[in-house]
Structure formats: C-alpha cells, structure tokens
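Architecture and fold: a report
Single-letter residue listing:
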Amino acid sequence: MFENVWLLAALWMGLALVASMISIRLGISVALVEIFIGILAGNYLHLQTSEWINFLATFGSGLLTFLAGAEIEPQSLRSNLKASLSIGVVSFLVPFLLTGACAHWLLHWSLQASEIAGIALSTTSVAVVYSVMVERGMGNTNLGKLILAACFITDFGTVLMLGFIFADFNSWLLVFVAVLCVMLWYLPRWTRWVIKGMGQRQVSEPEVKFIFFVLFLLGGFATTAKSEAVLPAYLVGLVIAGVFVRDKTLVVRMRSIAFAMLTPFYFIKAGLYVSIPAVWGSLGVILLFLGVKMATKWTGVYPLARWFRMEPKEAKYTSLLMATGLTFGTISSLFGLQNKIIDQGQYTILVTVVILSAVVPTLIAQRFFEPKIERDGVPSDGATVKSS
Amino acid sequence: MYSKVLAAYDGSPLSRNAVVKAARLSKMFKATTHALWVVETLPHYPTTVGEVREEESASHSYATHLRRHVREIEEREGHEIVFEVLKGNAAHVIIEYAQKIGADLLVLGHSGHSSGLSKLWLGMVADKIVDHAPCDVWVVQ
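Residues numbered from 1 in each chain as written. Chains lettered and ligands numbered in written order. Predicted model: local features only at pLDDT ≥ 70, side-chain atom pairs only at ≥ 80, totals over all residues. Heavy atoms only, no water.

1. Digging into the packing of aromatic side chains
Tallied over the entire structure, the rule returns 18 aromatic pairs over all chains. Centre to centre, the rings of Tyr 2 of chain B and Phe 29 of chain B are 5.7 Å apart; their planes meet at 85 degrees, and the pair counts as edge-to-face. Of this pair, Tyr 2 of chain B sits in the segment before β1 (4–8) while Phe 29 of chain B is found in helix α1 (residues 13–29), placing the two residues 27 residues apart along the sequence. Both rings, one in Trp 37 of chain B and one in Tyr 62 of chain B, keep their centres 5.1 Å apart while their planes meet at 70 degrees; by these two values the pair is edge-to-face. Of this pair, Trp 37 of chain B sits in strand β2 (residues 32–39) while Tyr 62 of chain B sits in helix α2 (residues 49–77); the two residues are 25 residues apart in sequence, bridging distant segments of the chain. The class of Trp 37 of chain B is buried, set by a relative accessible area of 5%. Here the guanidinium or amino end of Arg 53 of chain B rests over the ring plane of Tyr 130 of chain A, the centre of that ring lying 5.2 Å away. (Phe/Tyr/Trp six-rings, centres within 6.5 Å; stacked < 30°, edge-to-face > 60°. Helix = DSSP H or I, 4+ residues; strand = E, 2+ residues; numbered from the N terminus. Buried < 20%, exposed > 50% of the residue type's maximum accessible area, 1.4 Å probe, protein only. Lys NZ or Arg CZ within 6 Å of the ring centre and 35° of its normal.)

Now the structure itself:
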C-alpha cells in the first residue's frame, strides 16, 4: 500500500493535519506536535521516508531557515551591534565548546559526533524568545531588541559552523563561496527588481519562484561542496530581510507554503528517528546534556549581560531564554544522522535535549526570574493592552 | 451590597452571559462594572517569529471585536462597562486585576475559550479563580 505515492502522501498529510488540530487545541507550536507525531509514527507505525519525502523535508528545513534569517529587523541588529554581537557570539561559542567537550571526553563520542552535539546544543530559539518578549511587553523595548539580535547572532554561529565544519576543503567549496558572495551582494537589488517589476498581483508568483530558485541553486552548490544547504538559506534570508520589512505579504505567503506543504514533512521526519526505548535508556545522558546546555549558556551570557548593565534579574532571565532551542537543534541533529556522523541513539539523545530545551528554560525563567515590566501599548483599535 | 463587579470575558457564549449578568446585577446595586479579556493565545514554543506576530495581530483584531460586543451589552442593559485587555496567565491576571480595582464580586463563565487542556478539565481557570479570588465569585452556567 505504501508504494502508492498518493496513499503515502495522504498518510503523511493526514498526520500533519492531526498535528495541526492538536496544536490549535493545546496552544502549542505545530512544529513540536509534528515531532511528537513523528516519534509515535516511527516507533509504533514503523513509518519510513522515501526519496520525494526526503526532498520535501530538506527543502522545508531550508525554507524554515530562510524565514528565520528574513525575520530579523536589520535596524535592531545595527542599533545594539556591540552588545548583541558579544552576547550572541559567547552564547554560541561557550555551549558549543563545552557541550562538545562533554560529549567527547565524558561520553566518549567521536570527535565529529561531539561537534554535532556542540552545534545542536549551542542554538537559541529566536521564536521562543520573541514570544516570551511579546507576552511580557518587551518586544519593542531596547532590552528586547538587544536580546533578539543576540539570538540571531547565536543562530548565525550555529549555521556557519554547520556549513563549514564538515565541508570538504576543495575547489567546489571555493566555487560555492564565490557564488554565494556574488549572489548575496546582488540579491537585495535583484529581489526588489523582481517584486517591483514582476510581482504584485501576479498569479504566477514570480517573487516566490525567484526565491525558491535562489535557494535551490545555492543549496545545490552547498551540498556539492559537502556543506549544508541551511547555510546559504539563512544568509539569503538575512540579506533580503530589509526588503521583507517593506513587503510583509511575501513573507506571509512563503510561510503559508512552508507550513502547509513542506515543514510538516521535515518535523515528522525528525520525530521518526527518535527511538522511545533509547530515550528511556539514555535518560541520564539527556538530563546531563540539558544541564550542560543551560549551565554553559548561563556561564557565557550572564556575565556579559551584567557587563552591558542589565539588572541581575533581567540578566538571569536573558541567560535562561537564550538556553532555548528547537529548529536549528533538530536541523543539526538530522544533518548528523543523515551523514552518518551520529547514530540513531545519539540522534535520539540530541533531539530529546533540544525539545526539552524549548520548554524547561522558558518555564524556569518565567517562574523564578521574570522581570516586572509595566508598559502601556495602544493598538490601533484604541483598546489599552497592558502586560501584567 | 456590591460596589465593583468584574466580569471575565473571552467572547465565548458563557462569558458573554457573565458580562450581561454582571451588568444587570451592578445596575441593581448601582455598582461599577468592569469586563476583562486576558490574552493568552500566543503559541507556546513557536517555530518562527512570524507565527507570534500573526497571533499578536489576530489578538489586536479580536480585542476590537470584543470591545464592540461589550458596547452592545452596555447599550442593551443601559449600564456603563469598563473594558480592559491584559496579557498573561488568565487566572493570575484576573485575580490580580480584581485586587487592583478592589472588586467585591467576580463573575465568570464556567468554561470559556480556554485552551484544550483547560476545556478537558472542565473550567480549570474558573476553579483556580474560585480558590484564590479576593472576593465573592459568581460562576455562571
């Protein structure tokens, strides 16, 4: 039955639909639910992927990475550059080095597997941090923008490391870097030209096709050089973020395509390879890695946050929020599994830690270290919206 | 008997009933009536910043929609209602707001539009409020 491509597609999309419905009822991000659905499908239905599912999943992760890069507001990055750069770099580097060291020296993982662990557990979930900022009314404060900019820098470090650490240093890498540099330089201009000249009310969606073309092309060069397609996707998003600030409908359309058709395949696939017996068997290691991730983020971020004159409670709050992670953590782990750098047991450990890191630091931060912010925001309807 | 009545309102039929009854009771006692919507619909553990922004924008639109409902109830009952929108955990915020304004009666629906988990345990928010409210509580069915 599963050889029939239509029935297979119906099964996967059915699982995605169930995940959407559960996500809406529980108020939890659909990505997390899709991973859990994937875990159940992998362990109890023994669902497997196929060539075309792998392609959709890979493209989904690339598009998600592109959207992550495109969501930055360039102005907020520029206005807090020194502080956000310092906090962001340290927030990536300290966990990457210490978590990798823990995997290698304490758990005797191979060097490459330890590098994957370091990359996967050095990430920060910009979206989780942003939602907490918005709930607390901090989204438009200077502190909020500084923290978000630092999160982008952290993820940039993750993507850069993933893109280059396992690449073959040969002529193809040089070609990839050269093509990437040229395209990134001209992309803002080309994108504006496509939107103005060909887009706006065209049913054929040339702007969307243009961006897809760029992502496919750069992804092709990246993978030929044994790099990872998410690296150019993130950079493309970053360089045209300024264009998207003016054209939000294009981002919304691309997000709709991603969430309806592509990212479900990615997140369900990510869950498929998590082995439930391995979770129970490695509970101690999982908790160790979670503790190391949180401690290393704290160690790296807290002193710097205080250096940049954050109040102690705000600095602790920031440090814990930056210990969150989800998307890039799963992307890094899946990269490691697909390229046979880590095995399924190690993958299970890393993805479980990544999922827990989306939840645990946020709960602790909100329970114990929430700074009191009193702000009034007046939306256009005139209702007063306050944060309590 | 009551001088300040607070009704929790999230647009659900039960909570609308709560606001109407709060207005009628306040009119009898010549009390002031407050209606409060607590925004807690931001997705937990989101994947993209865009998800959060869209939800936030939807919250603003919904607040306008609820304000219109409250005005309709005001006109029909002939009694002024002060409408407020706050963000956070529904039970905590309602209790804190009741304390802040010195409410002596809280009126709520038994279960509103609260998340699937709350609905599953039938009126978890209402239960928490009843346990910790600083004043009388009227749970409307």
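More follows now that the structure is in view.
2. Quick look at the pattern of salt bridges
Following the criterion strictly, the structure yields six salt bridges over all chains and no others. Through salt bridges that share partners, Glu 205, Glu 207 and Arg 253 of chain A make up one connected network. (Salt bridge = Lys/Arg side-chain N within 4 Å of Asp/Glu carboxyl O.)

3. Concerning the pairing of strand β4 (residues 105–109) of chain B
All names here are of chain B. Here β4 lies mainly inside the structure; five of its five residues are buried. Examined bridge by bridge, β1 and β4 share three bridges and lie parallel to one another. If you follow Val 5 over to β4, its bridge partner there is Leu 105. Bridging between β4 and strand β5 (residues 136–140) involves five bridges; their strand directions are parallel. In the strand pairing of β5, Leu 105 is matched with Asp 136. (Pairing = 2+ DSSP bridges.)

By themselves, these figures tell us nothing about what the structure is for.
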